[in-house]
Amino acid sequence: DTRLLICDAGVGDHLMLKAVWNDIRRKNPNTKYTLALCYPEVFTDVSDINIISIADAKLIVGDKYDQYSLYRWCWERNWNRPMPEAMKEFYGS
């Protein structure tokens with residue numbers, strides 16, 4: 001069971017994702033992750049993940065790319081809580 005997470009955003013978003021990463025992993029302990037990142041260097045010290053480029057992620061998901069957008073997900077739900085909470089729900093669900 002491998003899950004693709006796409007973080008097509010700024011370095012601050014990458015740092016927030018890294019800050020909640022352990023929470024996401026705890027929620028899904030048996031899941032293997034592939035992370036598509038703009039700033040892969042933020043996750044160089046995180047083990048047990050596969051890192052790919054955003055370009056590779058776009059090739060993998062094709063027309064479904066927008067479904068992997070955290071900001072689209074927040075917009076559709078009128079999200080008004082902190083972004084780290086959104087990341088835990090979006091990436092951890």
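Residues numbered from 1 in each chain as written. Predicted model: local features only at pLDDT ≥ 70, side-chain atom pairs only at ≥ 80, totals over all residues. Heavy atoms only, no water.

Remarks on the nonpolar core
Here comes step 1: Counting residues in hydrophobic clusters, the biggest one holds 23 residues, and the most contacted among them are L17, W21, L35, F43, L70 and Y91.
Here comes step 2: Where this core is concerned, the elements lending two or more residues are strand 1 (2-7), helix 1 (11-27), strand 2 (32-37), helix 3 (70-76) and helix 4 (83-92).
Here comes step 3: The leading source of residues in this core is helix 4, at 5 residues.
Here comes step 4: When near neighbours in sequence (up to four residues on either side) are disregarded, F43 contacts H14, L17, K18, L35, L37, I49 and I51.
Here comes step 5: With 8 residues, the next largest nonpolar core counts L4, I52, A57 and V61 among its residues. (Core = buried A, V, L, I, M, F, W, Y, C linked by side-chain atoms within 4.5 Å. Buried < 20%, exposed > 50% of the residue type's maximum accessible area, 1.4 Å probe, protein only. Helix = DSSP H or I, 4+ residues; strand = E, 2+ residues; numbered from the N terminus. Contact = heavy atoms within 4.5 Å.)

What to know about the packing of aromatic side chains
Here comes step 1: Tallied over the full model, the rule gives 5 aromatic pairs.
Here comes step 2: Aromatic pair W21 and Y33: ring centres 5.0 Å apart, planes at 70 degrees, arrangement edge-to-face. Here Y33 lies in strand 2 and W21 lies in helix 1, a separation of 12 residues in the sequence.
Here comes step 3: Overall, the relative accessible area of 2% leaves Y33 in the buried class.
Here comes step 4: Chaining the aromatic ring pairs together yields one cluster made of W73, W79, F90 and Y91. (Phe/Tyr/Trp six-rings, centres within 6.5 Å; stacked < 30°, edge-to-face > 60°.)

Some points on the environment of K32
Here comes step 1: Mapped onto the secondary structure, K32 falls in strand 2.
Here comes step 2: Those residues within four positions of K32 in sequence are excluded, and the remaining contacts are D1, T2 and R3.

A word on unusual backbone geometry
Trans is the common state for peptide bonds, and a negative phi is the common state for residues other than glycine.
Here comes step 1: One non-glycine residue, D48, lies in positive phi territory at about 70 degrees.
Here comes step 2: If you trace the backbone, D48 turns up in the loop between strand 2 and strand 3 (49-53).
Here comes step 3: Overall, the relative accessible area of 53% leaves D48 in the exposed class.
Here comes step 4: Here the phi dihedral of N78 falls at roughly 50 degrees; this positive angle occurs in a residue that is not glycine.
Here comes step 5: Within the secondary structure layout, N78 lies in the loop between helix 3 and helix 4.

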